[in-house]
Amino acid sequence: MKTNNKMKMWRRMGTMLCFVSVLGLSACQDDDELDEFEVYDQERFYTDYSATTMFVDSDADGDNYYNEDEFNQNAFNTWDTNNDGMIDQNEANMAGTDFRVNASSMDFNTLDANADNNLDIDEFSTGYRTNNFYGTSDANADMRLSQRELSDGIFTQLDQDGNGTMTETEYNTFGTRYFGFQQ
Ligand SMILES: [Ca+2]
Ligand SMILES: [Ca+2]
Ligand SMILES: [Ca+2]
Ligand SMILES: [Ca+2]
């Protein structure tokens, strides 16, 4: 009788432990999935970036790759955060810092050839191309950029400390400011 009760008790405890561990396990799995998704790395950036139309928008010849002119147009559109078709000094200062552009290459007054206090695509490209982001983004060196190469290149520019990830704050700030990512 006593033994029987003990066995029942142990069995019940075993069931409880199992239940707890199942809960614990499922909670752990959820956490893992959550953590994985909340790593703000270039994989995540590519997922979010390729969900926008930004690549297609500047692919003027529709061949699914960027030549350097299309690349510069894409950067221009990205920097033009108020979408008025020009880059003003505030936009240039902010994006120049965020995208870690060589400051001397983007000296606003030097680039603003017609002195209208805005950079058009030609004025912008003159400075921007000297940073050779096009060349450094072309990972397979075939002289054209796929959307993946572009996305990885942009991420590398924005990754301020170069450790391969952004903080959540950085990611959300840049995502909202330049790419219209939904939070
Ligand atoms: Ca193209
Ligand atoms: Ca603008
Ligand atoms: Ca100008
Ligand atoms: Ca390439």
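Before any of the text, the structure's been laid out above.
How each quantity is defined
- Residues numbered from 1 in each chain as written.
- Chains lettered and ligands numbered in written order.
- Predicted model: local features only at pLDDT ≥ 70, side-chain atom pairs only at ≥ 80, totals over all residues.
- Helix = DSSP H or I, 4+ residues; strand = E, 2+ residues; numbered from the N terminus.
- Expected span 1.5 Å × (residues − 1).
- Contact = placed C-beta atoms within 7 Å.
- Axes fitted to C-alpha atoms, helices over the stretch in contact; angles between N-to-C directions.
- Parallel < 35°, antiparallel > 145°, perpendicular 65-115°, else oblique.
- Left-handed = near helix turned anticlockwise from the far one by under 90°.
- Nonpolar A, V, L, I, M, F, W, Y, C, P; charged D, E, K, R; others polar.
- Core = buried A, V, L, I, M, F, W, Y, C linked by C-beta atoms within 7 Å.
- Buried ≥ 20, exposed ≤ 12 C-beta atoms within 10 Å, placed from the backbone.
- Arc of directions from axis to C-beta.

Engineer: I'm lost on helix H10 (residues 168-179) in this one. Help?
Structural biologist: Note on helix geometry: an α-helix contains 3.6 residues per turn, so any two residues three or four positions apart are oriented the same way. With twelve residues, H10 should cover 16 Å at 1.5 Å per step; its first-to-last C-alpha distance of 15 Å lies within 8% of that length. Of the surrounding elements, those touching the buried residues of H10 are strand E1 (40-41), helix H2 (42-49), helix H4 (68-79), helix H5 (89-98), helix H9 (147-158) and strand E4 (165-166).

Engineer: Looking at this structure, how should I read the packing of H2 against H9?
Structural biologist: Where H2 meets H9, the closest approach of the two axes is 9 Å, and the angle between their N-to-C directions is 125 degrees. With respect to H9, the axis of H2 lies oblique. The chirality of how H2 crosses H9 is right-handed. Facing Gln42, Phe45, Tyr46 and Tyr49 of H2, the residues of H9 in contact are Arg148, Ser151, Asp152 and Phe155. Among the residues making up the contact of H2 with H9, the classes are represented as four nonpolar, two polar and two charged.

Engineer: Explain the packing of H4 against helix H7 (residues 121-128) to me, please; I cannot follow it from the model alone.
Structural biologist: When two helices pack together, you describe them by how their axes are tilted relative to each other and by the distance separating the axes. H7 packs onto H4 with a crossing angle of 105 degrees between their chain directions and a minimal axis gap of 10 Å. Considered as vectors, H4 and H7 are oriented roughly perpendicular to each other. Across the interface between the two elements, Asn72, Gln73, Ala75 and Phe76 from H4 touch Ile121, Phe124, Ser125 and Tyr128 from H7. The class makeup of the residues in the contact of H4 with H7 is five nonpolar, three polar and no charged.

Engineer: In this structure, what is going on with the nonpolar core? I would like to understand it.
Structural biologist: Here is a general trend for soluble globular proteins: nonpolar side chains tend to be buried in one another's company. In terms of nonpolar packing, the biggest core is built from 24 residues, with Trp79, Ile87 and Ala92 touching the most fellow members. Sort the elements by how many residues they give to this core and H4 lands first, with four residues. When neighbours within four sequence positions are excluded, Ala92 is seen to be in contact with Trp79, Ile87, Met106, Phe108 and Leu119. Core analysis: the next-biggest nonpolar cluster, separate from the first, contains five residues, Tyr40, Met166, Tyr171 and Phe174 among them.

Engineer: I'm lost on H5 in this one. Help?
Structural biologist: Among the residues making up H5, those that are buried are Ala92, Ala95 and Gly96. Seen from one end, H5 has its buried residues packed into an arc of 105 degrees, which puts them on one side. Exposed residues lying more than 90 degrees from the buried face of H5 are Asn90 and Thr97. Contact partners of the buried residues in H5: H4, strand E2 (87-88), helix H6 (108-111) and strand E3 (118-119).

Engineer: What is the right way to look at the environment of Asp120 in this model?
Structural biologist: Within the secondary structure, Asp120 sits in the loop between E3 and H7. Exposure remark for Asp120: the 16 C-beta atoms within 10 Å place this residue in the partly exposed category.

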